[in-house]
Amino acid sequence: MRGLSRRAVLGLAGGGIASAALAYAAVRSFSDEDLVRASLRKYLDDLTISDDHLRAFTLEFKKRNPWDFPTEKLADATTLFEGLLLGGVARPLLPDDGAMRLERFERLLLGEFHLLTDYAWRSGADEPVRFFGSPHCVNPFANFETA
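A brief structural summary. Computed from a predicted model, the values in this text were never measured in an experiment. (Residues numbered from 1 in each chain as written. Predicted model: local features only at pLDDT ≥ 70, side-chain atom pairs only at ≥ 80, totals over all residues. Heavy atoms only, no water.)

Structural remark: α-helix, 3.6 residues per turn; residues separated by three or four positions point the same way. Over its 12 residues, helix 4 (residues 72-83) runs 16 Å from end to end, which matches the ideal 16 Å to within 8%, given 1.5 Å per residue. The buried fraction of helix 4 is high, at nine of 12 residues. Listed as buried for helix 4 are Leu74, Ala75, Asp76, Ala77, Thr78, Thr79, Leu80, Phe81 and Glu82. The first or second residue beyond helix 4 is Leu85, which carries a positive phi of 60°. (Helix = DSSP H or I, 4+ residues; strand = E, 2+ residues; numbered from the N terminus. Expected span 1.5 Å × (residues − 1). Buried < 20%, exposed > 50% of the residue type's maximum accessible area, 1.4 Å probe, protein only.)

To continue, consider the pattern of salt bridges. Following the criterion strictly, the structure yields 12 salt bridges and no others. Note that Glu82 and Lys42 form a salt bridge whose closest N and O atoms lie 3.8 Å from each other. Placement of Glu82 in helix 4 and of Lys42 in helix 2 (residues 32-43) is noted, with a sequence separation of 40 residues between them. Accessibility expressed as a relative area gives 13% for Glu82, which makes it buried. Its salt-bridge partner being Arg104, residue Asp68 comes within 2.8 Å of it at the nearest N-O pair. Taken together, the residues Asp68 in the loop between helix 3 (51-64) and helix 4 and Arg104 in helix 6 (residues 96-116) connect sequence positions 36 residues apart. Among the ionic contacts, a cluster of salt bridges with common partners joins Lys42, Glu82, Arg91 and Glu106. (Salt bridge = Lys/Arg side-chain N within 4 Å of Asp/Glu carboxyl O.)

This part is about the packing of helix 3 against helix 6. For any two helices packed against each other, one specifies the inter-axial angle together with the distance between the axes. Their axes nearest at 11 Å, the elements helix 3 and helix 6 cross at an angle of 120°. Judged by the angle between their axes, helix 3 and helix 6 are oblique. In this structure, the crossing between helix 3 and helix 6 has a hand that is right-handed. On helix 6, the residues touching Phe57, Glu60, Phe61 and Arg64 of helix 3 are Phe105, Leu108, Leu109, Glu112, Phe113 and Leu116. Grouping the constituent residues of the contact of helix 3 with helix 6 by class yields seven nonpolar, no polar and three charged. (Axes fitted to C-alpha atoms, helices over the stretch in contact; angles between N-to-C directions. Parallel < 35°, antiparallel > 145°, perpendicular 65-115°, else oblique. Left-handed = near helix turned anticlockwise from the far one by under 90°. Contact = heavy atoms within 4.5 Å. Nonpolar A, V, L, I, M, F, W, Y, C, P; charged D, E, K, R; others polar.)

Grouped together as the largest cluster of nonpolar side chains are 19 residues, with contacts concentrated most on Val36, Leu40, Leu47, Phe57, Phe105, Leu109 and Phe113. Elements with a minimum of two residues in this core: helix 2, helix 3 and helix 6. Element by element, the count of residues in this core is highest for helix 6, at five residues. With near-sequence residues (within four places) excluded, Leu47 lies in contact with Leu40, Arg41, Phe113, Tyr119 and Val129. (Core = buried A, V, L, I, M, F, W, Y, C linked by side-chain atoms within 4.5 Å.)

Moving on, we get to the packing of aromatic side chains. Inspection of every chain in the model, using the stated rule, returns seven aromatic pairs. Where Phe57 meets Phe113, the ring centres are 5.3 Å apart and the plane angle is 85°; that geometry is what we call edge-to-face. Here Phe57, found in helix 3, pairs with Phe113, found in helix 6; they are 56 residues apart in sequence, far enough to count as distant. For Phe57, a relative accessible area of 0% translates into the label buried. Classification of Phe113 by relative accessible area gives buried; the value is 0%. Through a chain of ring-to-ring contacts, three or more aromatic side chains come together here, namely Phe57, Phe61, Phe69, Phe105, Phe113, Tyr119 and Phe131. Residue placement shows Lys62 over the ring face of Phe69; its charged tip is 4.7 Å from the ring centre. (Phe/Tyr/Trp six-rings, centres within 6.5 Å; stacked < 30°, edge-to-face > 60°. Lys NZ or Arg CZ within 6 Å of the ring centre and 35° of its normal.)

This is how it looks when you write it as structure tokens:
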């Protein structure tokens, strides 16, 4: 160990942790709700939402944006690394396509979360978030008068 620099030792340790995490992710498959919860907690640490409301939100989000969910392997790895608080370390190691896909997913997820829940309207951080569902029409210029 005398000849190894501190950077090399940290790199080896990080590689070992990443290998163990990826092996675990390969064996354990996370649900869509796990990915959504981990992604939301990354940006909204004071998040309290029941499993039923999270499941309903996830189903609605996936119905509205089916092509924007990450692949199963990318979703599992992201859920695992975010849960271990290693997302900031692991994300730069992703190929450009995977990183862009996750960024788009997270942007849409946060936007839809603010539109479809009462997150912004709660009286305090300890108040649970409730899912209200999809609005019938999101076009502010819609004209509903009969012709």
